[in-house]
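# Examination of the molecular architecture
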Amino acid sequence: MGKKNMAEVKYKRYRDYLRQRVATNDTMMGLLAGSKLASQTLTLTAGSRLRLKDIFPEVPHIERFNLTTEKARVVLNDAENLLGVLAVPQIMALHEDLMTGMLGLLELNSPGSTKSKDNVTASNLHEKFEAAANMTFTAASLQLFHLIRLARNEHIHNGGVVRQRFATAIAACSATSLRVWEDVTGEPFPAYRTGDRVKLGLPELIGTLALTKRLATEANEGLQPVLSASIWADLVAEEWKDPWVPGNPGQQDKRIQGIARKYYGAVNIKAAELADARKRIGNP
């Protein structure tokens with residue numbers, strides 16, 4: 001999907017972001033697989049007029065899904081589309097929170113550089129980052145992010161129905177970007193027209209995960225040469241301080257240097273910078 005990756009700086013908020021992405025993906029894929037397993041199991045009761053609570057009375061909450069076998073299978077077989085409507089906004093929200101935090105670091109590094117208090121939204125946060133960090137995201141990734149953002153917005157704000165703005169954005173999308181989408185998801189991006197229903201299924205979830213990871217990686221790389229050594233060192237010192245692990249001065253030196261080496265190796269923070277950060281942050 002474009003640029004060659006540099007090593008990432010795995011600062012705490014970035015690690016949290018990666019962990020939350022994995023948890024969301026695992027949860028959604030588990031639910032998707034579970035729905036297919038449940039549907040397959042219900043083939044054993046095909047033709048039954050009994051409702052699920054009568055067939056599986058020991059299953060918790062079954063009374064809330066008290067359908068006949070055939071009706072239950074229809075719902076379960078459509079779970080992919082329903083889960084996508086839940087998962088895609090979640091992945092987008094995690095990414096937007098990460099980018100907002102990165103803008104905060106840029107603002108801390110150079111006050112006024114991001115105009116972070118001036119109406120930062122999902123529609124402009126990458127562009128604000130580009131200006132503040134003096135870098136550019138891969139064009140296809142950013143263009144596709146905005147298409148998925150608009151698809152999500154149609155579900156949140158318009159009942160999943162395409163409005164003119166989204167249809168226009170699709171028509172204006174470059175052929176290169178659309179090829180990237182198809183390469184990643186295995187399906188073409190739908191050529192929606194105004195009034196169509198927006199689908200957020202497994203291909204859209206796969207595409208959203210891939211695009212947001214690509215953009216997050218590029219943003220991480222963009223931060224590395226821009227943030228001062230003191231800000232990186234302060235981030236290490238905050239991890240060193242919380243959670244606090246008692247120890248003598250030599251042990252504390254080794255611990256903070258170990259954190260820097262493990263998670264911040266890409267920016268090569270010097271021991272002197274870490275020592276200064278410890279003084280700024282202070283002991284608990």
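Up top is the structure these notes are about.
What comes next concerns the included structure.

Rules and cut-offs
Residues numbered from 1 in each chain as written. Predicted model: local features only at pLDDT ≥ 70, side-chain atom pairs only at ≥ 80, totals over all residues. Heavy atoms only, no water. Helix = DSSP H or I, 4+ residues; strand = E, 2+ residues; numbered from the N terminus. Expected span 1.5 Å × (residues − 1). Buried < 20%, exposed > 50% of the residue type's maximum accessible area, 1.4 Å probe, protein only. Arc of directions from axis to C-beta. Contact = heavy atoms within 4.5 Å. Axes fitted to C-alpha atoms, helices over the stretch in contact; angles between N-to-C directions. Parallel < 35°, antiparallel > 145°, perpendicular 65-115°, else oblique. Left-handed = near helix turned anticlockwise from the far one by under 90°. Nonpolar A, V, L, I, M, F, W, Y, C, P; charged D, E, K, R; others polar. 1 Å grid on protein atoms, 1.4 Å probe; cavity = no way out; pocket = protein on both sides within 12 Å on 5 of 7 lines; lining within 4 Å. Points joined across faces, edges and corners; volume = space filled by probe spheres on them.

### Let's talk about unusual backbone geometry
For the peptide bond that leads from Asp-242 to Pro-243, omega is 10 degrees, which places it in the cis range. Along the polypeptide, Pro-243 turns up in the loop between α10 (229-241) and α11 (249-263). At His-61, a residue that is not glycine, the phi angle is positive and equals roughly 70 degrees. Positive phi, normally seen in glycine, also occurs at Asn-134, with a value near 55 degrees. In this fold, Asn-134 is placed in the loop between α5 (125-133) and α6 (139-157).

### Some points on α11
Over its 15 residues, α11 extends 21 Å from the first C-alpha to the last, a length consistent with the 21 Å expected when each residue adds 1.5 Å. Within α11, burial applies to Gln-252, Ile-256, Ile-259 and Ala-260. Projection of α11 onto a plane perpendicular to its axis shows the buried side chains occupying an angular sector of 95 degrees, all on one side. Projecting away from the buried face of α11 at angles above 90 degrees are the exposed residues Lys-254, Arg-261 and Lys-262. Packed against the buried residues of α11 are α10 and α12 (271-281).

### Quick notes on the packing of α11 against α12
At a closest axis distance of 10 Å, the pairing of α11 and α12 adopts a crossing angle of 115 degrees. Judged on the interaxial angle alone, α12 and α11 are roughly perpendicular. For the crossing formed where α11 meets α12, the hand is right-handed. The segment α11 lies against α12, with Pro-249, Gln-252, Asp-253, Ile-256, Gln-257 and Ala-260 engaging Ala-271, Leu-274 and Arg-278. Of the residues belonging to the contact of α11 with α12, the class tally is five nonpolar, two polar and two charged.

### Comments concerning the packing of α6 against helix α8 (residues 175-185)
When two helices pack together, their arrangement is captured by the angle between the axes and the distance separating the axes. Between α6 and α8, the shortest axis-to-axis distance is 9 Å and the interhelical angle comes to 75 degrees. Taken together, the axes of α6 and α8 are roughly perpendicular relative to one another. On the side of α6, the interface is formed by Ala-139, Ala-140, Gln-143, Leu-144 and Ile-148, while α8 contributes Ser-177, Val-180 and Trp-181.

### Remarks on empty space enclosed by the protein
With a probe scaled to a water molecule rolled over the atoms, the places where space remains empty come into view. Taken as a whole and assessed by the stated rule, the structure comprises two cavities of 30 Å³ or more. Computed from the structure, the largest cavity encloses a volume of approximately 50 Å³. Met-28, Leu-32, Glu-80, Leu-83, Gly-84, Gly-201, Leu-202 and Leu-205 together form the lining of the largest cavity. Of all elements in the fold, only α1 (12-42), α4 (79-109) and α9 (202-223) reach the threshold of two or more residues within the lining of the largest cavity. With three residues, the top contributor of residues to the lining of the largest cavity is α4. Its residues assigned to classes, the lining of the largest cavity shows five nonpolar, two polar and one charged. Taken as a whole, the second largest cavity spans an internal volume of roughly 30 Å³. If you trace the second largest cavity, you find it lined by Ile-148, Ala-151, Phe-189, Pro-190, Tyr-192, Val-198, Lys-199, Leu-200 and Glu-204.

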